[in-house]
Structures are given as structure tokens and as C-alpha cells.
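# Structure at a glance
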Amino acid sequence: MLRRLFISIYYCRPQRSYAVFRFLVTVFLLFRRRRRWLLWKPLGPEALLENIRSLGASFLKLAQVLATRADFFDQDYLQALRQLHDKMPAMTDKNRQRVFRRAFPHPEVFASFDELPIASASIGQVHKAQLKQTGEVVAVKLLRENIQFKVRIDILLLNLFLRILRPLFTDQTRHSIESVLQAFSRVILQEVSMLQELANLEHFSQVYAESGIRFPQAYPHYCSDTALVMSFEEGARFDDVEAVSKLDVSFDELMKQLVLFYTEQMLVKGYFHADPH
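Before going into details, it helps to say that this report is about the structure given with it. Every value quoted in this text rests on a predicted model; they were computed, and no experiment measured them.

### Regarding the pairing of strand β5 (residues 227-231)
- For β5, the tally of buried residues reaches five of five residues, placing the bulk of the element in the interior.
- One ladder, built from five bridges, connects strand β4 (residues 137-143) with β5; its direction is antiparallel. Bridging across to β5, alanine 139 finds its partner in methionine 230.

Below you can see the structure in the form of C-alpha cells.
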């Protein structure tokens with residue numbers, strides 16, 4: 001409880017709150033094509049980039065969403081926003097150990113657990129491990145420490161400044177930045193829930209069970225709201241031509257199956273994976 005109090009104070013400190021305010025003022029002014037609002041002008045592309053990086057996971061995710069909206073920003077801003085990547089330094093050993101102990105009160109379920117993550121992003125990181133009971137190799141996704149609480153604080157700050165900045169936009173604008181921000185607030189809360197990600201994985205696997213595509217298998221018994229355990233799948237990026245060429249597959253057939261699969265997701269079933277990698 002005391003730790004959360006300190007996190008709240010730190011995340012709502014005046015310097016950070018002002019950085020959130022400047023981010024939103026910039027977005028609103030650019031969207032409304034206005035040069036200033038009271039004393040404030042929009043940040044330049046590079047200054048906006050640094051502002052977003054300083055604010056952390058929630059705003060990094062939000063900026064990645066906004067970077068897809070050519071109707072909101074000029075090309076200079078779009079190019080700057082597209083430089084943002086979701087790669088982040090791994091958690092410190094101390095933080096990771098705390099997260100691991102909370103997610104797995106009985107760590108003996110793993111015969112081995114690689115302390116060095118395979119990948120590390122703004123919300124969590126992935127480790128390779130082996131289940132003790134079956135010997136199966138699995139991927140373990142751990143949420144960053146207190147990320148759910150931090151995201152909720154960011155949503156509170158967003159909603160606070162949305163009220164302040166309401167004069168900058170009209171409610172009648174169908175694709176207003178306000179509706180984008182409100183939708184984002186709902187979605188990111190789902191992103192920081194591993195139980196929601198587990199439900200998505202299981203549902204996706206059921207919907208496309210006859211697609212001929214192999215999906216990671218979840219292990220619900222080991223999952224929690226802060227950790228997801230699934231089968232470890234080896235593979236190569238489809239745009240890595242050299243790596244794909246070493247596999248015993250036809251590149252043309254691979255691309256054909258990929259296009260047909262996404263066509264089925266978007267135009268037939270209406271349930272699709274929006275962030276494939």
C-alpha cells in the first residue's frame with residue numbers, strides 16, 4: 001500500500017503532470033490545425049518524441065496508435081512518431097524477482113527459467129523456461145512491476161486534462177482525438193491483464209482451429225493476471241528472406257497462406273490479430 005502511495009506521488013508529480021499536459025495540448029492543436037492555445041504552442045516533432053519517451057509505457061502505446069492517423073498529423077510528426085519502438089530495457093533483477101515470486105508462489109513448477117529475457121517491451125518481458133512436470137519448453141510473459149497501477153494513474157491524468165482541453169475540439173467531430181483517447185484508455189487496461197490476453201489467445205485458437213495455422217498453446221493452470229505461460233514456438237520473421245530460405249517451406253506458398261489468413265480474419269470472421277510479430 002505504501003509503495004503504491006509513493007508511485008502515485010511520483011507519477012503525479014508536477015513535472016510529469018505538465019509533460020502529460022504538453023503532450024495533449026500538442027496533439028489537440030495539431031489535430032485542430034491551430035497555432036496556439038492561450039500561452040502554449042505545439043511541441044516540435046523531436047520535442048514531442050522526447051516528451052513521449054519520458055512519460056513511459058502508456059504514452060508510448062498511445063503514440064504508436066496516433067502514428068497510424070495521417071488525418072491527425074503532418075508528415076514531419078508522423079515520421080517522428082513512427083520512430084518509436086516498444087522495446088525497453090529489461091527489468092532489474094530485483095524487480096523481476098519480485099514480479100516472479102508474486103506470479104509463481106511455487107517456483108518449483110519450473111525445471112529451469114532463463115533470467116535473461118528473450119524480449120523486453122514497455123508493458124512486460126518474455127522469458128524462456130521449462131516445466132518441471134512435463135519437461136515442455138514454454139514462454140513466460142511477465143508484466144512489469146506495478147504496470148497496471150501506473151496505467152490507471154495515467155488514465156486518470158488523461159481524463160483530467162481531457163476536461164481542461166475540451167474547448168479545443170467539438171463533440172460533433174466523429175473521429176475526434178477525444179474519442180481516440182477514450183478508446184485507448186479502455187484498450188490499454190486490457191493489454192495489462194494477462195488473463196485477458198489468455199482469453200484472447202484461447203478464443204483466437206478456437207475461431208481459427210481449422211485454418212492450418214499453428215498457434216501457441218496456453219497453460220492456464222500456471223497463468224495469472226500478471227503472468228502468461230504458453231508453448232515456446234521457434235520461427236523466423238517472414239520478412240527475413242535469408243532465414244525463411246533456410247526453412248523447408250515455399251516462400252510463395254507462405255505469402256499466399258498469410259494473405260488468405262488475414263483476409264479471413266478481417267473480411268470473413270471479423271476477429272483479427274492487430275499486432276502480429
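Still more ground to cover, so stick around.
### Thoughts on the environment of arginine 4
- Within the secondary structure, arginine 4 is located in helix α1 (residues 2-11).
- What makes arginine 4 partly exposed here is its relative accessible area of 43%.
- Residues arginine 4 and lysine 150, spaced 146 residues apart in sequence, show a C-alpha to C-alpha distance of 9.0 Å.

### Some points on empty space enclosed by the protein
- All chains considered together, the criterion is met by one cavity of 30 Å³ or more.
- Its boundaries defined by the atoms lining it, the largest cavity holds a volume of some 40 Å³.
- Tyr11, Arg16, Leu55, Gly56, Ala57, Ser58, Ile147, Lys150, Val151 and Asp154 are the residues that line the largest cavity.
- Those elements giving two or more residues to the lining of the largest cavity turn out to be α4 (57-66) and α7 (147-164).
- Here the lining of the largest cavity takes four residues from α7, the largest share from any one element.
- Considered class by class, the residues forming the lining of the largest cavity number five nonpolar, two polar and three charged.

Conventions used here
- Every chain is numbered independently, its residues counted from 1 as its sequence is written.
- Reporting of local features is limited, given that this is a predicted model, to residues whose pLDDT is at least 70; pairs of side-chain atoms are given and counted only at 80 or more, and all residues count toward the totals for whole chains, interfaces and linings.
- The basis for the side-chain values is all heavy atoms of the structure; hydrogens and waters are excluded.
- Relative accessibility under 20% of the residue-type maximum defines a buried residue, over 50% an exposed one, and the middle range a partly exposed one, all with a 1.4 Å probe and only protein chains included.
- Elements are defined by DSSP. Helices are runs of H or I of four residues or more, strands are runs of E of two residues or more, and each kind is numbered from the N terminus.
- The pairing criterion for strands is at least two bridges between them, as found by DSSP.
- Think of a 1 Å grid over the protein atoms and nothing else: a 1.4 Å probe that fits but is trapped marks a cavity, an open set flanked by protein within 12 Å on at least five of seven lines marks a pocket, and residues with an atom within 4 Å of a point count as lining.
- Grid points are joined across faces, edges and corners, and a volume is the space filled by probe spheres set on the points.
- Following the grouping adopted for this structure description, the nonpolar residues are Ala, Val, Leu, Ile, Met, Phe, Trp, Tyr, Cys and Pro, the charged ones are Asp, Glu, Lys and Arg, and the polar ones are all others, Gly among them.

Note that all results are geometric; they support no functional claim without further evidence.
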